[in-house]
Amino acid sequence: MSRRGGGGRRPDSRRDQPTQAPAPSFQRGGGGAAGPRGRGRQGQRGGAGRGSHSGSGAAPSSPHTASTSTAPAPSSPSVSASASAPSSSSVSTLVEETEQKLTLAAPAAATLPPSSSQAMRFPVRPGFGTVGKKCVVRANHFMVQLAERDIHHYDVSITPEVTSKKINRQIISQLINLYRLTHLGERMPAYDGMKSIYTAGPLPFESKEFIIKLPDSDPRPSSSTRPRRERQFRVVIRLASKPDLYTLQQFLLRRHFEAPYEVIQVLDVVLRAAPSEKHTVVGRSFFSTDLGPVGQLGDGVEYWRGYFQSLRPTQMGLSLNIDVSARSFYEPILVTEFVQYYCRDLSRPLSDQVRLKVKKALKGIKVVLTHMEYNKSYKITGISSEPMSRLMFTDDNATRLSVVQYFRQRYNIGLQFTSLPALVAGSEARPIYLPMELSRIAAGQRYTKRLNERQVTALLRATCQRPRDREANIRMMARTNAYNEDTLVNKEFGIQVADGLTSVDARILPAPMKMFNGGRVEVWTCVNFSTRLNRDVPFQFCQGLVDMCNSKGMVFNPRPVIPISSSNPNQIEKALVDVHNRTAQQGKQLQMLIIILPDVSGSYGRIKRVCETELGIVSQCCQPRQASRLNMQYFENVALKINVKVGGRNTVLVDAVQKRIPLVTDRPTIIFGADVTHPQPGEDSSPSIAAVVASMDWPEVTKYRGLVSAQAHHEEIIQDLYKSTQDPQRGLVHGGMIRELLIAFRRSTNFKPHRIIFYRDGVSEGQFSQVLLHEMNAIRQACASLEEGYAPPVTFVVVQKRHHTRLFPADHNRRDLTDRSGNILPGTVVDTHICHPTEFDFYLNSHAGIQGTSRPTHYHVLYDENRFTADGLQVLTNNLCYTYARCTRSVSIVPPAYYAHLAAFRARYYIEDETSAGGSTGGSRSTAERSLAIRPLPVIKDNVKDVMFYC
């Protein structure tokens, strides 16, 4: 059956039909299994510590404890029945050839602006899109005007070296206060908090040394017998360079292709100078209790409101991107209050399990002692294994005593929670012991650990804002910042920031026509691991699910191959093996195993690992609480997942079937999606996981095969796109994920790809060049390893979701310009005004809003041998967003990139003993993952890889 996704269709004049090959000609050469590739002074103590510091406030410890180029796109080679294996030399030279093509090739058009011969060049915008209904939206970009200034950059060195930006700023602020009117020639410098200051004109020297004194950080009040000490710093300022505003002007006028990031950095530092002094800085964002009400997230964590700020070059000139934000911080509470979130009864010793959780939660944070006359802070390194009543040390008089005895004798404080361990600060050799009940968590500390599910829900609920409200808050934040009233910004550097958001021309792309292809399920069964469900529920649930699948167009056998059964949740692996064996005894391959999960979470990852990497079973997990409701909407959601897992298609574009999609359906085209997911903060030894998916059906481009690979911790470049090894018997053996997927495409379609479209998720702007160079080389090598001279044209598109551009309706009251949530309509695309001055990028809001403010996805083309038009790539990307397998609506990110993320997320279950709720509700993992050494991922069985198992 067919259905309309919303709007009309666009005809295509290019309808060349490919010649079908008699047989696949790719040589295998070794397979492509994925595997890992590695990469390869204490201050004074004042806690329960050393007695030599009188009045320190803590118990002393024993001393002995311890471009693209615009070159013509290469034509795809004709499909042949056989091909000789490429030599190793032809593959190895591709690295040099691709690098030269990406970095040094001269633009073909004589009218292109000049550019450094060393710069990585990305494709020039091929024009602006015209398809769709024109409209106007507002973007949270504020125009920036510049006056002529003679900018100078000076290096700053501070001796002794200081690692704290806060202290650095105090030093330079003191220097400016003392010498601005004299040695600095009345200039007001902008300081970045590290090694650079910038001025709007020359200083009266090229190099000069200053001696700056700051009060000592010791918080104890001074007295007649102990005057307050000062710290002395030697500051040397030397001229480094003279950034030229003219180069920025030429770039913004599109007369030069290289963005003068040094100049933009200067202006960004100037605009960030004042808020950096007043607020807590987190990356490019600022947070403060003054910027909005503080909210509670639970478990000793709160959130602060703030804003993001970034200066960006755009088509309309410089713009300041401002967005409201929120960030989690530790609550400034007593440590005993914090520990009560983990253990209610503090009168008893902590269990080993709780003690380890508390140690992990507190490690690295600063606490302030409450029993001192002054605020003395310490950084926590751990907690003691013994309770304070039994924790002994030797004081300065060589007397052995406990922490409890020390505080009673020294401070006349009787500790209440003596069964609790002590906080440990200082070094392992000279620890300092601090009672939890006398230690308060210092205010303003970021909570960098993973939020649990309840905290995430609370944060989203508290910060979710409708578009109208979010836009108003952004306006208010910009007014509060008062950039034009800032002396450094406006008077010294001549920068003016517009008061209002920017109006931007946009278009609403039509939704595509769609149709459904149902899959077939003949061999299936169900196993129930829930002990709380009524015995009839699994049968009723399966009956309802089968009926739903058949009603949606699938062919689903109502009789299970073996009877539906219930099994012990403590013997999951045994039950799964038993189901597999009983099915095999009938000489059949199980197509689908429906699993009702145990009542207690924690089994989902183990089930998926056993099914997909050991037994070769495609499974669908369901939550017992959902199964018991027999809800039709839930049946429909699960049916969508089952359909794609058995080879069906939930959405097929009519234009794809009728071969009317430019640069996709005219010749065999493979569409890739790639992503790298990294471990959560604090999991320093867990590997990153790369995933690559690729379309296996042409021209429909809806079925995606997925491969995964573990790689070094926080390595962003995908290491296993292509690899080669030297085998003593077989010689050079080629492998890697790209190669394996190209072979699979050939087997599935009987065509080899004539064209490659590669959607790469998760790459920041600073990584563009590095990722493109490495991964394009890998794609080229993978192709060449299959057949001499095989080099299909590639379009490489980065997909960015983590940005702060938001688009708002120009009129919030216009029903024809907003959806039910108050957001802009799905299909809204912007490639003007706020986009890159010269390169090929666009913002696409492809989905309908549900709650909060929709975030458009930013697509940036880094390489384009297929020579897409603006309309061609925008319409293709938007239409693909209607083909996502897990729902019938359009989604916010192009599905190949979405699938890659799902596949990488699934692979993490294979290697980590985590406790996830899992199942079809889409619940996220709620506990920390264990750190594991990098090792190859378990190999997914071939029959599982043949379907979209990760959905």
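Residues numbered from 1 in each chain as written. Predicted model: local features only at pLDDT ≥ 70, side-chain atom pairs only at ≥ 80, totals over all residues. Heavy atoms only, no water.

Where an unreviewed UniProt entry is consulted, the chain appears under the name Protein argonaute 5, with the organism given as Citrus sinensis.

Overview of the sheet that holds strand E29 (residues 592-596)
Either a parallel or an antiparallel arrangement is found when strands of a sheet pair, and the pairing is made through backbone hydrogen bonds. The strand order E28-E26-E29-E30 describes an open sheet built from four strands, whose pairing is parallel. The open sheet has two edge strands with one neighbour each: strand E28 (565-566) and strand E30 (619-622). Strand direction decides the pairing type here: strand E26 (residues 524-528) and E29, joined by five bridges, are parallel. Within E29, the residue paired with Thr525 across the bridge is Leu593. Sitting on the sheet, helix H13 (residues 604-615) is in contact with E29 and E30, with an inclination near 170° to E30. (Pairing = 2+ DSSP bridges. Helix = DSSP H or I, 4+ residues; strand = E, 2+ residues; numbered from the N terminus. Contact = heavy atoms within 4.5 Å. Axes fitted to C-alpha atoms, helices over the stretch in contact; angles between N-to-C directions.)

A few points about the packing of aromatic side chains
Ring pairs (aromatic) are described by centroid distance and by the angle formed between their planes. Under the criterion given, the structure shown has 29 aromatic pairs. Residues Phe122 and Phe768 carry aromatic rings whose centres are separated by 6.1 Å and whose planes lie at 80° to one another, so their mutual orientation is edge-to-face. You can see Phe122 sitting in the loop between helix H1 (88-103) and strand E2 (133-139) and its partner Phe768 sitting in helix H18 (residues 768-786), a full 646 residues away along the chain. For the pair formed by Phe122 and Phe768, the shared burial category is buried. Considering the side-chain rings of Tyr884 and Tyr898, the 4.4 Å spacing of their centres and the 20° angle between planes classify their relative orientation as stacked. With Tyr884 in the loop between helix H19 (870-880) and helix H20 (895-911) and Tyr898 in helix H20, the pair connects residues that are 14 residues apart, well separated along the chain. The exposure class of Tyr898 is partly exposed, given its relative accessible area of 27%. Directly above the ring of Tyr378 sits Lys376, whose terminal nitrogen or CZ lies 5.9 Å from the centroid. (Phe/Tyr/Trp six-rings, centres within 6.5 Å; stacked < 30°, edge-to-face > 60°. Buried < 20%, exposed > 50% of the residue type's maximum accessible area, 1.4 Å probe, protein only. Lys NZ or Arg CZ within 6 Å of the ring centre and 35° of its normal.)

Overview of helix H8 (residues 453-463)
Those residues of H8 that sit buried are Gln455, Ala458 and Leu459. The arc enclosing the buried residues of H8, seen along the axis, measures out at 100°, which places them on a common side. In this structure, H8 carries Leu460 and Arg461 as exposed residues pointing more than 90 degrees from its buried face. Buried positions along H8 lie against strand E11 (295-298), strand E12 (301-314) and strand E13 (317-330). The residue sitting at the N-terminus of H8 and contributing the capping side-chain oxygen is Asn452; that oxygen lies 3.1 Å from the backbone nitrogen of Arg454. (Arc of directions from axis to C-beta. Polar contact = N/O pair within 3.5 Å; in protein donor to acceptor, adjacent residues only side chain to side chain.)

Remarks on the side chain of Arg705
With respect to the helices, strands and loops of the structure, Arg705 is situated in strand E34 (residues 704-711). Of note is the side chain of Arg705, whose polar atom sits 2.5 Å from the side chain of Asp946. Residues within four places of Arg705 in sequence aside, it is in contact with Val692, Val693, Ala694, Met696, Glu740, Leu741, Ala744, Asp942, Lys945, Asp946 and Tyr950.

Things to note about the pattern of salt bridges
All chains considered together, the criterion is met by 31 salt bridges. As a salt-bridge pair, Arg284 and Asp268 come within 3.0 Å of each other at their nearest N and O atoms. Of this pair, Arg284 sits in the loop between strand E9 (280-282) and strand E10 (285-287) while Asp268 sits in helix H4 (residues 261-278), and the two are 16 residues apart along the sequence. Judged by its relative accessible area of 38%, Arg284 is partly exposed. In this structure Asp268 comes out as buried when scored by relative accessible area, which is 6%. Note that Arg760 and Glu716 form a salt bridge whose closest N and O atoms lie 3.2 Å from each other. Taken together, the residues span a long stretch of sequence, with Arg760 in strand E37 (residues 755-761) and Glu716 in the loop between E34 and strand E35 (723-727) at a distance of 44 residues. Classification of Glu716 as buried rests on a relative accessible area of 9%. What you see here is one network of salt bridges that share partners, running through Arg138, Glu471 and Arg475. (Salt bridge = Lys/Arg side-chain N within 4 Å of Asp/Glu carboxyl O.)

Brief notes about the packing of H13 against H20
Two elements in contact, H13 and H20, have axes whose closest approach is 8 Å; the angle formed by their N-to-C orientations is 95°. When the axis of H13 is compared with that of H20, the two are roughly perpendicular. Residue-level contacts link Tyr604, Gly605, Lys608, Arg609, Glu612 and Thr613 of H13 to Arg906, Tyr909 and Tyr910 of H20. Its residues assigned to classes, the contact of H13 with H20 comprises three nonpolar, two polar and four charged. (Parallel < 35°, antiparallel > 145°, perpendicular 65-115°, else oblique. Nonpolar A, V, L, I, M, F, W, Y, C, P; charged D, E, K, R; others polar.)

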